Amino acid sequence: MAVCISIIGKDNAPLYLTTTDLDKELELQYRVHAALDVVEEKCQPVSKGTPDSKELYLGLLYSTETHKIYGFVTNTKIKFVIVVDSGNIALRENEVRAMFRNLHMLYTDAVCNPFYAPGEPLTSVKFDRAVQKIMGGNA
């Protein structure tokens, strides 16, 4: 399913990033950071008079020959980016939404830990294991 999952903080600092292929980690980090421009663009209000959109799921941010990059923004401006292999044509939009919902619940549980300092990278082993399950499609 997913080849990379990333969580980016309000200030665009990476809080968590994991990939299935460590050899392509640098390339996938580049794709995630390139997607942040699209996320910022989609989060900007169209005009002063329009209220903020309540839709957290941003959908497909952009695609390349090898990957499709999807985005999600929380109410607190934390950004989730999922990179999916373009060869996976069986993946539907509702499955990507479900991945983001599960990831959002995991993130919420992780930051509710009293020992987690807000804005610090997520280092929880339990969180990492659960994200790996999402990446494999077992969540």
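Residues numbered from 1 in each chain as written. Predicted model: local features only at pLDDT ≥ 70, side-chain atom pairs only at ≥ 80, totals over all residues. Heavy atoms only, no water.

1. Some details on the overall build of the chain
Phase 1: On a plain count of helices and strands, the chain comes out with three helices and five strands.
Phase 2: Against the 2.2 N^0.38 benchmark of 14 Å for 139 residues, the chain shows a C-alpha radius of gyration of 15 Å, consistent with a compact globule.
Phase 3: Across the 139 residues in the chain, those meeting the buried criterion constitute 37%.
Phase 4: Considering only residue pairs separated by 6 or more positions, the chain has 56% of its internal contacts joining residues 24 or more positions apart.
Phase 5: Roughly 8,400 Å² of accessible area belongs to the chain as shown, and the carbon and sulfur atoms make up 53% of that amount.
Phase 6: One way to put it: in the chain the 15 positive side-chain charges average out to a point 7 Å from where the 17 negative ones average out. (Helix = DSSP H or I, 4+ residues; strand = E, 2+ residues; numbered from the N terminus. Rg over C-alpha atoms; globule rule 2.2 N^0.38 Å. Buried < 20%, exposed > 50% of the residue type's maximum accessible area, 1.4 Å probe, protein only. Contact = heavy atoms within 4.5 Å. Areas by Shrake-Rupley, 256 points an atom, 1.4 Å probe, with all protein chains shown as cover. Lys, Arg positive; Asp, Glu negative; His and termini not counted. Charge placed at Lys NZ, Arg CZ, Asp CG, Glu CD.)

2. Here's the deal with the environment of Lys133
Phase 1: Secondary-structure assignment places Lys133 in helix α3 (residues 125-136).
Phase 2: The class of Lys133 is exposed, set by a relative accessible area of 52%.
Phase 3: Distance from Lys133 to Asp11, taken between C-alpha atoms, is 28 Å for residues 122 residues apart in sequence.

3. Looking at unusual backbone geometry
Phase 1: Positive phi, normally seen in glycine, also occurs at Asn12, with a value near 65 degrees.
Phase 2: Along the polypeptide, Asn12 turns up in the loop between β1 (2-8) and β2 (14-19).
Phase 3: Unusually for a residue other than glycine, Lys77 sits at a positive phi of about 65 degrees.
Phase 4: Within the secondary structure layout, Lys77 lies in the loop between β4 (67-73) and β5 (79-85).

In short, the description is geometric, and any link to function would need to be established separately.
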